[in-house]
Amino acid sequence: MAPNDTAAATTMSVGAARRAANARPDLFDVRTPTPYEIMRGRAKSHPGFLVGMSIILVVGLCALFAPWIAPYNPFDQDISRRLINPIWGINSTWDNPLGTDAFGRDYLSRLIWGARVSMIIGIVAPAAACVIGTTIGLIGGYFGGRVDAFVMYLINTKLALPGLVVTLSLVAVFGGSMFVLICVLTFLFWDRYAIVLRTVTQQIRSQDFITAAEAIGCSRTRIIATEILPNVLNQMIVILTLEMALAILIEATLSFLGLGIQPPTPTWGNLIAEGRNFMFFKPYLVTIPGLALLVLAIAINMMGDGVRDITAPEGRN
Amino acid sequence: MVSFLVNRLFIAIMVTITVSVIAFSLLRLSGDLAAELAGDDATEAEIAAVAKAYGLDRPLYVQYLDWAAKAVSGDLGQSIFSNEPVFEILTGAVPTTAKLAVYALILSTLISVPLGIIAAVHQNTWVDRLALVIAVGGQAVPNFWFGLMMILLFGVILRWTPISGQETLAHFILPTLTVALTSIPQKMRITRAGMIEVLQSDYIRTARAKGLPQRSIIYKHALRNAILPVVSLTMVQFGFLLGGTVVVETIFALNGLGFEAFQAIIRQDFPVLQSVVLFISIIYILLTLIADLINARLDPRIRLS
């Protein structure tokens, strides 16, 4: 390395140094990559993660920009254009690429709008459950003793209840609004965070850096927030992605049983429920929204596995 | 062992009591029960009379204790909808769901355990990849939709199986497939992870060093330890399936617990609903307790820690 290069490097900003490193990799090849760079490198060469993320991004954009993307209003009925086949069927038309439903509503538009409910539920409910479950798990794992016994009692009670039956009952009593669904699904999903994070916290708790933090007089809240929480983020994110897929599937199940967001609002579960009566002559009414659910759930799982491989590859098995 | 037993029993009893309180309060969620029982155009006096007749005018904790005491002796009240005793509705529904759960667990074990073992022994080969694809796919398939697809494929297009009802064994084929799919991924992952861990342990290395054949190492030595978590998972899954087959039973018109629960929810038939919740919870608590005890018996590290 020439002396003037070193001088230039010392006056460079970090960003500029990285750009230079990218332009001339031989110049900085002894530099140890930061953890962030290692993870970015793993992410870029992880096909499952990339494919999963792309699909989620596409569905997310559809949900966000549904009014502009969808070719028709998903509520507009046209009795003269009922049950038109999708383009691969007979008597189909490019005006309705995925055909129309029993009320003559454009199926592609309803599918695009349906992504909204799935995405909102899939993000908000697991996130809320994450906050509650993580808090409970951290508290139980860190404090131990009676506090932990109480946390275990809460978890055991939750596990003993038949989740789907209780969820259905609560939705039946309080109605199938978005707010109720999110609250009920939050109740359904908090336990896995609590179980996993409690165990992980127990393992971290006895390590030296926690003892050190306690020795210099950090408050318990501070230890939990700044010492333990960053070390359990991996596990938290992995559970979060798994629960996202699950929340989307459960929401669709509730809609299918008629206890979710009420028709005529397009949700993928509602589409399947409405199409079910025509399933034997018009199978596409059920196959298309089901495939949409399947693809989204697989994409989320692929992203979740990817996040685990990227952040903590040692935990692969 | 004794302190472990006492501790575990204590938790089980506490959870049972809490669950029964929750099941009891499901009945109160509906609002004024007396007004509902009396009908839409009942007068104040009539509602009060109904409340008195059903004991709804007493303090809540008295009502709870009364209900719990009756429940212990098998008297679960009557259905608001059909006036049938809830106990008989339950005993009529349990066999169907139990059958479905047992078939599904047998099928899923037959698929997931061998697949998990092969995937672990031949790590990172095509079998392992296939197992991963099945695991991810099985987790992501919407259960109710898979059931409908099964009906469409085997019932309507191929006409191999009946699509609704519960008269013969053939009626259970499609529901069993649908339910089994949900319990395969988890069990396969646990078998695979357990096998990988055990195969790396010292005693397996010793067995290899002694020159034992691969077959005997895997099936006689490794599997015995790797199968422990699978056994307890299967018991937990059985408890879960008793309450988790609502959708499948609805789709395939099976008259089981899940279907009764769903009917009760739709008809606001709370005595039936709370009994189903209580029953499923207690079975689950018992099964996890038994699983824990079996594990503690087989693995001294658990009961001594």
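Residues numbered from 1 in each chain as written. Chains lettered and ligands numbered in written order. Predicted model: local features only at pLDDT ≥ 70, side-chain atom pairs only at ≥ 80, totals over all residues. Heavy atoms only, no water.

## Section: the overall build of chain A
Phase 1 of the analysis: Of regular secondary structure, chain A possesses 13 helices and zero strands.
Phase 2 of the analysis: The order of helices and strands in chain A, counted from the N terminus, is α-α-α-α-α-α-α-α-α-α-α-α-α.
Phase 3 of the analysis: Taking all 317 residues of chain A together, the buried fraction comes to 48%.
Phase 4 of the analysis: In chain A, the proportion of contacts linking residues at least 24 apart, taken out of those at least 6 apart, comes to 69%.
Phase 5 of the analysis: Put simply, chain A shows about 15200 Å² of open surface, and 66% of that area lies on carbon and sulfur atoms. (Helix = DSSP H or I, 4+ residues; strand = E, 2+ residues; numbered from the N terminus. Buried < 20%, exposed > 50% of the residue type's maximum accessible area, 1.4 Å probe, protein only. Contact = heavy atoms within 4.5 Å. Areas by Shrake-Rupley, 256 points an atom, 1.4 Å probe, with all protein chains shown as cover.)

## Some details on the overall build of chain B
Phase 1 of the analysis: A count of helical and extended segments in chain B gives 14 helices and zero strands.
Phase 2 of the analysis: Ordered by position from the N terminus, the helices and strands of chain B form the series α-α-α-α-α-α-α-α-α-α-α-α-α-α.
Phase 3 of the analysis: Overall, chain B is about 85 × 60 × 30 Å in size when its C-alpha atoms are taken along their principal axes.
Phase 4 of the analysis: For chain B, with 305 residues in total, the buried portion stands at 49%.
Phase 5 of the analysis: Long-range pairs, those at least 24 residues apart, make up 72% of the contacts in chain B with a sequence separation of at least 6.
Phase 6 of the analysis: Working note: accessible area of chain B is about 15100 Å², and carbon and sulfur atoms make up 65% of it.
Phase 7 of the analysis: Here chain B carries 21 positive and 20 negative side-chain charges, and the mean point of each set is 24 Å from the other. (Lys, Arg positive; Asp, Glu negative; His and termini not counted. Charge placed at Lys NZ, Arg CZ, Asp CG, Glu CD.)

## Some remarks on the interface of chain B and chain A
Phase 1 of the analysis: Contacts between chain B and chain A engage 43 residues on the former and 39 residues on the latter.
Phase 2 of the analysis: Surface buried jointly by chain B and chain A totals about 3600 Å² across both partners, of which 79% is contributed by carbon and sulfur atoms.
Phase 3 of the analysis: Between the two partners, chain B and chain A, sit zero salt bridges.
Phase 4 of the analysis: There are three residue pairs in polar contact (both at pLDDT 80 or more) connecting chain B and chain A.
Phase 5 of the analysis: Where the side of chain B that touches chain A is concerned, the elements lending two or more residues are helix 1 (2–29), helix 6 (126–140), helix 7 (143–157), helix 8 (173–199), helix 11 (246–251), helix 12 (257–266) and helix 13 (270–298) of chain B.
Phase 6 of the analysis: Here the side of chain B that touches chain A is built from residues that sort into 33 nonpolar, eight polar and two charged. (Buried area = accessible area lost by both parts, 1.4 Å probe. Salt bridge = Lys/Arg side-chain N within 4 Å of Asp/Glu carboxyl O. Polar contact = N/O pair within 3.5 Å; in protein donor to acceptor, adjacent residues only side chain to side chain. Nonpolar A, V, L, I, M, F, W, Y, C, P; charged D, E, K, R; others polar.)

## Re the nonpolar core
Phase 1 of the analysis: Membership of the largest hydrophobic core comes to 149 residues, with the highest contact counts inside it found for A:Leu168, A:Trp268 and B:Phe144.
Phase 2 of the analysis: If one sorts the elements of this core by residue count, helix 11 (residues 220–256) of chain A sits on top with 15 residues.
Phase 3 of the analysis: With sequence-adjacent residues up to four places away left out, A:Leu168 is seen in contact with A:Leu254, A:Leu257, A:Leu259, B:Val246, B:Phe262 and B:Ile265. (Core = buried A, V, L, I, M, F, W, Y, C linked by side-chain atoms within 4.5 Å.)

## Considerations on unusual backbone geometry
Phase 1 of the analysis: The residue after A:Pro263, namely A:Pro264, is reached through a cis peptide bond having omega 10 degrees.
Phase 2 of the analysis: In this structure, A:Pro264 sits in the loop between helix 11 and helix 12 (268–275).
Phase 3 of the analysis: Phi at B:Asn124 is positive, roughly 60 degrees, even though this residue is not glycine.
Phase 4 of the analysis: Looking at the secondary structure, you find B:Asn124 in the loop between helix 5 (86–121) and helix 6.

## Here's the deal with a nonpolar patch on the surface
All names here are of chain A.
Phase 1 of the analysis: There is a patch of nonpolar side chains on the surface, built from Leu57, Leu61, Leu64, Phe65, Trp68 and Ile69 and spanning about 670 Å² of accessible area.
Phase 2 of the analysis: Counting residues per element, the ones that place at least two in the nonpolar patch are helix 4 (47–64) and helix 5 (66–69).
Phase 3 of the analysis: Among the elements that line the nonpolar patch, the one with the most residues is helix 4, at three residues.
Phase 4 of the analysis: By the secondary structure assignment, phenylalanine 65 is in the loop between helix 4 and helix 5.
Phase 5 of the analysis: In this structure phenylalanine 65 comes out as partly exposed when scored by relative accessible area, which is 38%. (Patch = residues over 30% accessible without salt bridge, like charges linked within 9 Å, V, L, I, M, F, W, Y side chains within 5 Å.)

## Some points on helix 4 of chain A
Residues and elements named next belong to chain A.
Phase 1 of the analysis: Taking 1.5 Å of rise per residue, 18 residues should cover 26 Å, and helix 4 covers 25 Å from first to last C-alpha, within 8% of that figure.
Phase 2 of the analysis: For helix 4, the complete set of buried residues consists of Gly48, Phe49, Gly52, Ile56, Val59 and Ala63. Take helix 4 and look down its axis: the buried residues cluster within an arc of 110 degrees, on one side only. Facing away from the buried side of helix 4 by more than 90 degrees, the exposed set consists of Pro47, Leu57, Val58 and Leu64.
Phase 3 of the analysis: For helix 4, the elements touching its buried residues are helix 3 (35–44), helix 5, helix 6 (107–143), helix 12 and helix 13 (284–311). (Expected span 1.5 Å × (residues − 1). Arc of directions from axis to C-beta.)

## Considerations on the side chain of A:Ser169
Phase 1 of the analysis: Following the sequence through the fold, A:Ser169 ends up in helix 8 (residues 163–174).
Phase 2 of the analysis: Judged by relative accessible area, A:Ser169 falls into the buried class, the value being 2%.
Phase 3 of the analysis: Residue contacts for A:Ser169: discarding those within four places in its chain leaves B:Leu26, B:Ile265 and B:Leu273.

## Topic: the confidence of the model for chain B
All names here are of chain B.
Phase 1 of the analysis: Taken over all residues, the pLDDT of chain B has a mean of 84, while the share at 70 or more is 96%.
Phase 2 of the analysis: Across chain B, element-level confidence peaks in helix 5 with a mean pLDDT of 90 and bottoms out in helix 14 (residues 300–304) with 66.
Phase 3 of the analysis: Here the complex is predicted with pTM 0.84, and the ipTM for its interfaces comes to 0.84. (pLDDT = per-residue confidence, 0-100.)

## Quick word on the confidence of the model for chain A
All names here are of chain A.
Phase 1 of the analysis: Summary statistics for chain A give a mean pLDDT of 84 and a share of 89% for residues scoring 70 or more.
Phase 2 of the analysis: The element-level mean pLDDT for chain A is lowest in helix 1 (residues 3–11), coming to 47, with helix 6 highest at 92.
Phase 3 of the analysis: Predicted confidence for residues 1–10 stays below pLDDT 50, and this span has five contacts to residues more than four positions away or in other chains.

## As for the packing of aromatic side chains
Phase 1 of the analysis: Applying the stated criterion across every chain, the model contains 10 aromatic pairs over all chains.
Phase 2 of the analysis: Pairing A:Phe256 with B:Phe144 gives two aromatic rings, centres 4.6 Å apart and planes at 25 degrees, and the pair type is stacked. Of this pair, A:Phe256 sits in helix 11 while B:Phe144 is found in helix 7, placing the two residues in two different chains.
Phase 3 of the analysis: An angle of 40 degrees between the planes, with centres 5.6 Å apart, marks the rings of B:Phe24 and B:Trp67 as tilted. Pair noted here: B:Phe24 is in helix 1 and B:Trp67 is in helix 4 (residues 60–72), with a separation of 43 residues, a long-range link. The pair B:Phe24 / B:Trp67 is uniform in exposure class, with both members buried.
Phase 4 of the analysis: Clustering of aromatic rings is evident, with ring pairs tying together B:Phe24, B:Tyr64 and B:Trp67. (Phe/Tyr/Trp six-rings, centres within 6.5 Å; stacked < 30°, edge-to-face > 60°.)

## Topic: the pattern of salt bridges
Phase 1 of the analysis: Taken as a whole and assessed by the stated rule, the structure comprises 14 salt bridges over all chains.
Phase 2 of the analysis: A:Asp305 is the salt-bridge partner of A:Arg308, the closest N and O atoms lying 3.9 Å from each other. Of the two residues, A:Arg308 and A:Asp305 both sit in helix 13, three residues apart, roughly one turn of that helix. Neither residue differs from the other here; A:Arg308 and A:Asp305 are each classed as buried.
Phase 3 of the analysis: For B:Asp202, the salt bridge goes to B:Arg205, with nearest N and O atoms at 3.3 Å. Residue B:Asp202 and its partner B:Arg205 are both found in helix 9 (residues 202–209); the two are separated by three residues, about one turn of the helix.
Phase 4 of the analysis: Residue classification places B:Arg205 among the exposed positions, given a relative accessible area of 58%.
Phase 5 of the analysis: Beyond isolated ion pairs, a larger network of salt bridges with shared partners links A:Asp101, A:Arg105, A:Arg110 and A:Glu274.

## So, the packing of helix 13 of chain A against helix 7 of chain B
Phase 1 of the analysis: At their nearest, the axes of helix 13 of chain A and helix 7 of chain B sit 10 Å apart, and the two run at 140 degrees to each other. With respect to each other, helix 13 of chain A and helix 7 of chain B are oriented oblique. Considering the relative orientation of helix 13 of chain A and helix 7 of chain B, their crossing is left-handed. Contacts between helix 13 of chain A and helix 7 of chain B involve A:Val286, A:Thr287, A:Gly290, A:Leu291, A:Leu293 and A:Leu294 from the former and B:Phe144, B:Trp145, B:Leu148 and B:Met149 from the latter.
Phase 2 of the analysis: The residue inventory of the contact of helix 13 of chain A with helix 7 of chain B, partitioned by class, reads eight nonpolar, two polar and no charged. (Axes fitted to C-alpha atoms, helices over the stretch in contact; angles between N-to-C directions. Parallel < 35°, antiparallel > 145°, perpendicular 65-115°, else oblique. Left-handed = near helix turned anticlockwise from the far one by under 90°.)

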